[in-house]
Number of protein chains: 2
Amino acid sequence: MRALKSIREFIEEGGKLFHPGISLDCVIFGFHDNQLKVLLLKMEHTDDWALPGGFVYKEEDLEAAATRVLQERTGINNIFLQQFHVFGNPSRSDREYQSNWLRKWNIPAGKGSWLLNRFVTVGFYALVEFSHVTPTPDNISVASEWHHLHNIDNLFMDHRKILDTALETLRWQLNHQPIGYNLLPDKFTMPELLTLYETILGKKLDRRNFRRRMNSYGILRKLKEKRKGCAHKAPYLYSFDLRKYQKALQEGLQGRW
Amino acid sequence: MRALKSIREFIEEGGKLFHPGISLDCVIFGFHDNQLKVLLLKMEHTDDWALPGGFVYKEEDLEAAATRVLQERTGINNIFLQQFHVFGNPSRSDREYQSNWLRKWNIPAGKGSWLLNRFVTVGFYALVEFSHVTPTPDNISVASEWHHLHNIDNLFMDHRKILDTALETLRWQLNHQPIGYNLLPDKFTMPELLTLYETILGKKLDRRNFRRRMNSYGILRKLKEKRKGCAHKAPYLYSFDLRKYQKALQEGLQGRW
DNA sequence: TCAAAAGTGTTTGTGGTACACCCATGG
DNA sequence: CCATGGGTGTACCACAAACACTTTTGA
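Since the structure is predicted, the reported quantities are computational estimates derived from the model, not experimental observations.

S.K.: An account of the relation of the copies chain B and chain A is needed here, citing residue identities and associated values.
M.R.: With an RMSD of 0.1 Å, chain B superimposes on chain A once it is rotated by 180° and translated 0.0 Å along the axis. The relationship between the two copies is best expressed as a two-fold rotation axis. With an isologous cut-off of 70% or more, the 100% of interface residues of chain B that recur at the interface of chain A puts this contact in the isologous class.

In C-alpha cells, the structure reads:
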C-alpha cells in the first residue's frame with residue numbers, strides 16, 4: 001500500500017489503486033468549550049464543506065481504511081471509530097461537480113474516469129479528544145476546521161444527511177454504552193460530563209440524578225484532586241476506570257435517559 | 001434495469017451491469033413450529049450453504065437491490081428489511097472457489113473476471129412470515145430451504161459471521177423496537193408471541209410478566225376469538241394494532257429483558 | 001456577604017420480579 | 001378427575017424522578 005503524494009497522482013492512479021465503487025465518510029465528534037463540534041474540510045472554489053472521507057485500497061480492510069483516514073485528518077491513532085450506515089442512493093453523487101473538478105485539473109478523460117462513477121459510501125463516526133487533534137486538510141481541500149454542531153451550513157452532497165444519521169446513532173449509543181472517555185480529557189469533573197450528555201442529547205438533565213446514575217455504572221474513579229481556578233465551589237476531578245469502561249462498552253449499559 | 005436470464009449471461013454481462021466491488025447478503029428469519037428459521041441456498045457440487053445474496057445494478061438504490069433480492073428469493077413484497085453491517089475484510093472472498101467456478105462454466109478469462117475481485121458486502125436482515133414464503137433458489141444454486149437456526153453447518157465464506165451478527169442485531173432490536181408483526185401470522189396467541197421472544201433470546205421468560213409488559217406497550221389488540229383445536233385451555237387470539245406498531249417502530253420502545 | 005455552583009440526602013411513585021391462584025380442556 | 005397449559009392478580013423491591021438542604025468559592 002503506497003502513499004499518494006500529489007492530487008494529480010491521486011486522480012490518475014486512483015482507479016488502479018482503490019477498491020471500486022466504495023468510499024467512506026467520517027463524522028468526527030469533539031467536545032470543547034462545552035459544545036459538541038464536528039471536524040469539516042473546506043472545499044475549493046465553493047462555500048461548501050465536506051466530511052473527511054476517502055477510499056479503500058484494493059487489499060485494505062474497510063475499518064483499517066477508516067482508521068487511516070482518521071489518522072491522516074487528526075493525527076490520532078487509537079480512536080473510537082464505528083461504522084453506522086451505508087448510503088447507497090444512486091443520486092447521492094454529484095457527478096457534475098466531479099466532472100467540473102476533473103476538467104479543472106486537465107485530466108485526460110480516461111485517467112480520472114473512475115471518479116465520475118457513482119459511489120456507495122460507508123458512514124463512520126468517531127469520538128476524539130478535542131485537544132489531541134491536529135486538523136489537517138486532505139489534498140483536495142483547502143482547510144480543516146472544527147464546526148459547532150448547531151452552526152453548520154452548506155454541506156457537500158448528502159453529507160448533511162450523513163451527519164444527522166451519525167448524531168442519531170450517537171444519541172442512541174448514549175443509552176447503551178458508556179460515552180466520554182474518547183471525548184473528554186483524562187481528568188474531568190462531573191458537571192463537565194453532565195454538560196457533554198446534555199449537549200449530545202440536546203436537553204437538560206437533573207444533575208443530581210445524573211450523578212447517581214453515573215456512579216451506579218461503576219466506571220468512574222473519583223480523584224482526590226479538585227479543579228481549581230473556576231469560580232464557585234471547586235468540583236472534584238474524575239477519571240474513567242478503563243477496565244470497567246471497556247467491559248461496559250462490550251456488554252452494554254441498559255437504561256434510558 | 002434488465003433481468004438476467006441465464007447463468008452465462010449473468011457471468012458475462014455482470015461486469016457491465018452491476019455496481020463494482022459491492023455485494024449484499026440477506027439473513028432471512030422466519031418463525032415456524034415454534035422455531036426460528038433461516039432461509040439458505042444450497043450451492044452446487046459442495047456441502048456448503050449460502051445466504052441469499054446479490055449485486056447492485058449500476059443505477060439501483062442499495063436498499064432497492066436488497067428488496068429485489070428478497071422478492072426474488074421469497075416472493076414477498078412488503079418485507080421488514082434492514083441493513084445492519086458492512087463486511088469489508090479483504091480476505092473474506094473465496095477467490096479460489098470463484099475461479100474454479102468460472103473454469104467450470106468455461107468462461108473466457110476476461111468476461112467473468114469481475115467475479116474474481118474482492119467484494120465488500122452489506123448485510124441485511126429480514127423478518128418474514130414463514131407461511132407466505134415460497135423459497136426459490138437463484139440461478140447459481142440448486143435448492144432453497146429453511147434451516148433451523150441452531151442446526152446450521154457448512155456456511156459459505158464468512159456467512160457464518162454474517163448470520164451471527166444478524167442474530168445479535170435482532171436480539172438488540174428486541175429491546176428497543178416491537179417485533180412480531182413480520183414473523184407471525186395476522187392472528188396469534190400470547191404464548192406464541194412469548195415463544196418467539198424466547199426463541200430469539202435463547203432463554204426462558206416469565207409468561208405472566210411477559211404478558212403485562214407486552215400489554216403495556218399498547219401495540220396489541222385482543223380479539224374475541226380463541227384458538228381452537230389445541231389441547232388444554234383455549235388461548236385468546238391477538239393481532240397487532242398497526243398504527244401503534246409503526247409508531248413504536250419509529251420511536252423505539254425502551255426497556256430490557 | 002451574597003450569588004452561583006457543587007456536593008449530599010430524602011421522598012415518592014412506577015414498574016420489574018417473583019410468586020400464588022383459578023380456569024378450561026383433553027385424555 | 002387430573003395433568004397441563006392459559007389467564008388473572010398480588011406482594012415486594014429496586015430504581016428513577018422530583019425536590020430540599022448544606023458547602024464552598026470568587027467577586
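S.K.: How would you explain the protein's contact with DNA strand C if you had to name every residue and give the values?
M.R.: Around DNA strand C, the surrounding shell holds 18 residues, and the nearest of these are Arg207(A), Arg211(A), Tyr236(A), Arg208(B) and His232(B). The side chain of Arg212(A) places a nitrogen or oxygen atom 3.2 Å from a base oxygen of DNA strand C. With respect to DNA strand C, the backbone of His232(B) contributes an N or O atom lying 3.2 Å from a sugar or linking oxygen. For the surface near DNA strand C, the secondary structure elements donating two or more residues are helix H6 (207-217) of chain A together with helix H6 (207-217) of chain B. Looking at the surface near DNA strand C, the element that brings in the most residues is H6(A), giving four residues. Here the residues of the surface near DNA strand C sort into five nonpolar, three polar and ten charged.

S.K.: Could you give an account of the side chain of Glu129(A), naming the residues involved and the relevant values?
M.R.: Residues and elements named next belong to chain A. Among the structural elements, Glu-129 can be located in the loop between strand E6 (120-127) and strand E7 (141-148). Buried within the structure, Glu-129 lacks any salt-bridge partner; Arg-227 is the closest side chain of opposite charge, at an N-O distance of 9.9 Å. Once residues lying within four places of it in the same chain are set aside, the contact partners of Glu-129 are Ile-76, Asn-182, Leu-183, Leu-184, Pro-185 and Asp-186.

S.K.: So, the interface of chain B and chain A: which residues are in play, and what are the values?
M.R.: Opposite the 29 residues of chain B that make contact, chain A presents 29 residues. Summing the contributions of chain B and of chain A, the shared interface buries around 2300 Å²; its carbon and sulfur component is 55%. The interface formed by chain B and chain A holds two salt bridges in total. Between Arg95(B) and Glu59(A) there is a salt bridge, with the nearest N and O atoms lying 3.2 Å from each other. Counting the contacts that link chain B with chain A gives 14 residue pairs in polar contact (both at pLDDT 80 or more). Sorting the residues of the side of chain B that touches chain A by element identifies strand E1 (18-32), strand E4 (53-57), helix H2 (62-74), strand E5 (80-87) and strand E6 (120-127) of chain B as the ones contributing at least two each.

S.K.: Any details on the protein's contact with DNA strand D? Residues and values, ideally.
M.R.: Contacts to DNA strand D come from 18 residues, most closely from Arg208(A), Arg207(B), Arg211(B), His232(B) and Tyr236(B). The side chain of Arg212(A) places a nitrogen or oxygen atom 3.3 Å from a base nitrogen of DNA strand D. Contact distances for DNA strand D include 2.7 Å between a base oxygen and a side-chain N or O atom of Arg207(B). No other element matches H6(B), which puts four residues into the surface near DNA strand D. Grouping the constituent residues of the surface near DNA strand D by class yields five nonpolar, three polar and ten charged.

About the thresholds
Residues numbered from 1 in each chain as written. Chains lettered and ligands numbered in written order. Predicted model: local features only at pLDDT ≥ 70, side-chain atom pairs only at ≥ 80, totals over all residues. Heavy atoms only, no water. Least-squares fit on C-alpha atoms with pLDDT ≥ 70 in both. Contact = heavy atoms within 4.5 Å. Near = heavy atom within 4 Å. Polar contact = N/O pair within 3.5 Å; in protein donor to acceptor, adjacent residues only side chain to side chain. Helix = DSSP H or I, 4+ residues; strand = E, 2+ residues; numbered from the N terminus. Nonpolar A, V, L, I, M, F, W, Y, C, P; charged D, E, K, R; others polar. Buried < 20%, exposed > 50% of the residue type's maximum accessible area, 1.4 Å probe, protein only. Lys, Arg positive; Asp, Glu negative; His and termini not counted. Salt bridge = Lys/Arg side-chain N within 4 Å of Asp/Glu carboxyl O. Buried area = accessible area lost by both parts, 1.4 Å probe.

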